[in-house]
Amino acid sequence: MKNKYKHKIVLLLSAVMLTFTACNDFLEYSETDTLNEELAFSNLQRATSAGLNCYTYLQDNFGSAMRSSGCDESQYAWPASYIHKYYNGSWSSFNTVDDQWGHFYQGIFVCNNFLEKAADKEFEEYLYNEDYERLYTNFKNLKWEVRALRAYFYFELVKRYGNVPLVTDVLNKEEVNSVSQTDAKKVLEWIASESHTCSDYLPDTYDVNEYSKQTGRVTRLFAKALEARVLLYAASPLHNNGTYDLDLLRSSGLASLSIINTMEANGVSLSSIEYSDLWNSEGDTHAKCPEVIANIMKGATNSFERENFPISVEGGKTGNCPTQNLVDAYDMQSGFTYDPANPYANRDQRLQQTVVVNQSEWAYNETMDIFFGGKDGLPNKGATPTGYYLKKYAMKNTNLNPVGTTQHKMVWILFRLGEVYLNYAEAASQINGVSGTDADLPLSAVDAINKVRTRKGLTIDVISNALSLEDFTAQYRKERMVELAFEDHRFWDVRRWMIGDATVAIKTMKIEKAVDGSFIYTKEVDNSTRLWEDKYYFYPINQSELNINPNLKPGKNW
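Residues numbered from 1 in each chain as written. Predicted model: local features only at pLDDT ≥ 70, side-chain atom pairs only at ≥ 80, totals over all residues. Heavy atoms only, no water.

A. How the structure looks around the layout of surface pockets. Within this model, the second largest pocket holds a volume of roughly 420 Å³. In terms of lining residues, the second largest pocket is bounded by 24 residues, among which Asn163, Leu238, His239, Phe538 and Lys556 are the most central. (1 Å grid on protein atoms, 1.4 Å probe; cavity = no way out; pocket = protein on both sides within 12 Å on 5 of 7 lines; lining within 4 Å. Points joined across faces, edges and corners; volume = space filled by probe spheres on them.)

Encoded structure:
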């Protein structure tokens with residue numbers, strides 16, 4: 001069945017139509033910007049551009065060291081990287097990592113400014129212009145897009161810092177420097193409420209004449225997906241003294257179910273979408289995968305390959321190296337058992353689409369010799385410390401040679417149907433058990449998770465409906481780690497589930513080549529390199545912000 005709607009939002013961050021003068025203090029309106037603002041909001045086209053500028057504060061997690069290397073998904077190969085601050089004991093208000101306080105509050109300021117100064121303008125002077133109706137329809141919709149984006153920015157802040165100031169107006173300098181924090185759970189509930197409201201006004205698609213068949217704007221399903229995820233976080237143990245808030249879980253499940261029903265009604269089904277369709281596709285077809293609700297399109301690049309191809313190949317640097325912890329989460333295909341002498345044979349197909357293993361064909365179509373003494377293995381400087389390289393997102397045919405260099409589109413997924421099913425499964429399992437249902441949540445947790453495990457191209461066993469809730473939860477967390485690997489979920493899941501101390505032992509694979517040419521695989525555990533303290537569940541607020549505003553608290557246990 002052909003899709004009725006295209007739910008995806010493609011955000012071309014390189015094409016910024018208008019940029020405000022940055023404020024010295026977050027959320028602060030500066031009188032020196034008056035002329036810029038008068039110009040920005042002076043006519044319909046410029047005001048529209050000002051609203052669209054809010055999109056530029058969205059972020060991906062590509063970079064060099066991904067947050068996956070700040071948890072048990074991967075190990076970053078280079079010891080000097082900032083990413084190791086997450087667990088080496090050096091993290092503090094004076095020595096921050098991934099400090100996005102200023103970035104997202106500036107984005108919130110831009111949103112607040114647009115909502116206060118422009119969103120309700122009617123521009124009646126353009127009423128008799130031939131194109132007025134179309135232009136104004138696009139403009140008035142920005143009010144809901146910007147509110148949804150502002151809610152998303154607040155979610156990014158709460159994930160990191162917990163209690164944060166909740167400000168929905170443009171403030172002066174004195175007000176900015178005296179704001180106080182709002183409880184994290186209350187902010188999350190506000191975000192969910194905003195998202196829910198916006199979903200009532202946002203369109204399903206912009207691929208219609210009314211919106212000039214545009215792509216790249218916030219849709220109704222973006223807002224519903226944000227609502228579902230935020231409610232799941234708010235209901236999680238981190239914000240509820242180690243237990244779940246069942247009322248918020250039910251609301252999360254309802255939001256997820258709304259998305260599932262809409263997408264399935266429009267012909268989007270995981271049974272017809274392979275895991276590899278989401279990335280690594282020839283001809284950049286992954287940029288149009290119907291499973292994706294929202295993504296950030298990065299344009300043509302090869303920087304990810306430069307960061308993550310083995311250092312042994314032309315242009316490669318080695319970067320985020322998957323751990324044995326992650327590899328162990330991949331089940332066997334139906335009917336097969338694990339062979340320690342051939343540990344990657346007949347595994348869940350998602351493994352070979354995510355991780356580069358010994359003797360597999362990868363960059364430049366070369367065989368990867370990851371065994372000790374091999375060209376891609378230790379003790380070579382810069383070789384993977386875990387026994388694996390990262391495949392997901394990268395294209396093996398990317399040419400990094402100075403002559404003939406090639407590039408491809410990079411897509412960072414914000415929301416997709418696979419995550420929505422998993423979010424629903426977590427909520428439903430805590431409310432109705434493994435196989436139970438009720439009038440609100442007619443899809444059982446086990447049926448939801450098996451929608452993911454039976455997607456096109458997978459031949460793994462379904463999860464049994466006879467499992468205890470404890471065993472199901474363990475299977476669910478493993479499935480979530482696999483399905484959403486390197487999509488910036490595991491780092492935050494570890495925190496909202498409050499399992500940080502159970503994730504610091506990093507497993508690796510030692511590979512040796514025998515005289516007869518066979519390989520000996522030995523799993524090893526490194527308990528020495530990572531530390532955990534419960535204060536790591538939230539980030540410390542930068543000391544410079546604490547110095548400016550005495551009403552700010554540094555963060556729980558910091």
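We are not done yet, so read on.
B. Expanded view of unusual backbone geometry. A cis geometry characterises the amide bond from Leu378 onward to Pro379, with omega recorded as 10°. In this structure, Pro379 sits in the loop between strand 4 (355-356) and strand 5 (389-390). Of note, Tyr393 is a non-glycine position whose phi angle comes to about 85°, a positive value. By the element assignment, Tyr393 lies in the loop between strand 5 and strand 6 (408-416). On the basis of relative accessible area, Tyr393 is assigned to the buried category, the value being 4%. Positive phi outside glycine occurs at Phe486, with the angle close to 65°. (Helix = DSSP H or I, 4+ residues; strand = E, 2+ residues; numbered from the N terminus. Buried < 20%, exposed > 50% of the residue type's maximum accessible area, 1.4 Å probe, protein only.)

C. Region of interest: the packing of aromatic side chains. The final tally for this structure, using the stated rule, is 41 aromatic pairs. Cation over ring: Arg477 sits above Trp497, and NZ or CZ is 4.4 Å from the ring centre. Above the plane of the ring of Phe491 lies Arg495, whose end atom (NZ or CZ) is 3.7 Å from the centre. (Phe/Tyr/Trp six-rings, centres within 6.5 Å; stacked < 30°, edge-to-face > 60°. Lys NZ or Arg CZ within 6 Å of the ring centre and 35° of its normal.)

D. Spatial organisation of the pairing of strand 2 (residues 292-301). Most of strand 2 is tucked away: seven of the ten residues are buried. Sheet topology note: the strand 2/strand 6 ladder contains seven bridges and is antiparallel. Bridge assignment links Val292 to a residue of strand 6, and that residue is Arg416. (Pairing = 2+ DSSP bridges.)

E. Representation of helix 13 (residues 445-453) within the structure. With seven of nine residues buried, helix 13 lies mostly within the body of the structure. Residues Ala445, Val446, Ala448, Ile449, Asn450, Val452 and Arg453 constitute the buried set of helix 13.

F. How the structure looks around the pattern of salt bridges. Taken as a whole and judged by the stated rule, the model has 42 salt bridges. The partner of Asp438 in a salt bridge is Arg250, with the nearest N and O atoms 3.0 Å apart. Taken as a pair, Asp438 in the loop between helix 12 (417-432) and helix 13 and Arg250 in helix 8 (residues 246-265) lie far apart in primary sequence, 188 residues in all. You can call Asp438 partly exposed: its relative accessible area is 22%. Residue Arg250 is classed as partly exposed on the basis of its relative accessible area, which comes to 25%. (Salt bridge = Lys/Arg side-chain N within 4 Å of Asp/Glu carboxyl O.)

G. Inspection of the environment of Asp440 at higher detail. Structurally, Asp440 can be placed in the loop between helix 12 and helix 13. Once residues lying within four places of it in the same chain are set aside, the contact partners of Asp440 are Arg250, Leu254 and Leu257. Of note is the side chain of Asp440, whose polar atom sits 3.1 Å from the side chain of Arg250. (Contact = heavy atoms within 4.5 Å. Polar contact = N/O pair within 3.5 Å; in protein donor to acceptor, adjacent residues only side chain to side chain.)

H. Highlighting the packing of helix 8 against helix 12. At a minimum axis separation of 8 Å, helix 8 and helix 12 run at an interaxial angle of 140°. In the crossing of helix 8 with helix 12, the sense of the turn from one axis to the other is left-handed. Listed contacts from helix 12 to Leu246, Leu249, Arg250, Gly253, Ser256, Leu257, Ile259, Ile260, Met263 and Glu264 of helix 8 are Leu417, Val420, Tyr421, Asn423, Tyr424, Ala427, Gln430 and Ile431. Residues of the contact of helix 8 with helix 12, tallied by class, amount to twelve nonpolar, four polar and two charged. (Axes fitted to C-alpha atoms, helices over the stretch in contact; angles between N-to-C directions. Left-handed = near helix turned anticlockwise from the far one by under 90°. Nonpolar A, V, L, I, M, F, W, Y, C, P; charged D, E, K, R; others polar.)

I. Molecular detail of empty space enclosed by the protein. Within the structure shown, the criterion is met by seven cavities of 30 Å³ or more. In terms of lining residues, the largest cavity is bounded by 17 residues, among which Tyr152, Glu156, Lys159, Trp412 and Asp488 are the most central. Looking at which element gives the most residues to the lining of the largest cavity, the answer is helix 4 (residues 132-161), with five residues. The residue makeup of the lining of the largest cavity, split by class, is seven nonpolar, two polar and eight charged.

J. Region of the structure containing the side chain of Ser429. Along the chain, Ser429 falls in helix 12. In this structure Ser429 comes out as buried when scored by relative accessible area, which is 4%. A polar atom in the side chain of Ser429 sits 2.9 Å from the backbone oxygen of Glu426. Among residues more than four places away in sequence, those in contact with Ser429 are Ala445, Leu469 and Phe472.

K. Molecular detail of the environment of Tyr161. Looking at the element boundaries, Tyr161 is found in helix 4. In this structure, the C-alpha to C-alpha distance between Tyr161 and Tyr57, residues 104 residues apart in sequence, is 18 Å. Leaving out residues up to four positions away in the same chain, Tyr161 has contacts with Asp98, Asp99, Gln100, Trp101, Phe538, Tyr539, Pro540 and Ile541. One polar contact links the side chain of Tyr161 to the main-chain amide nitrogen of Trp101, over a distance of 3.1 Å.

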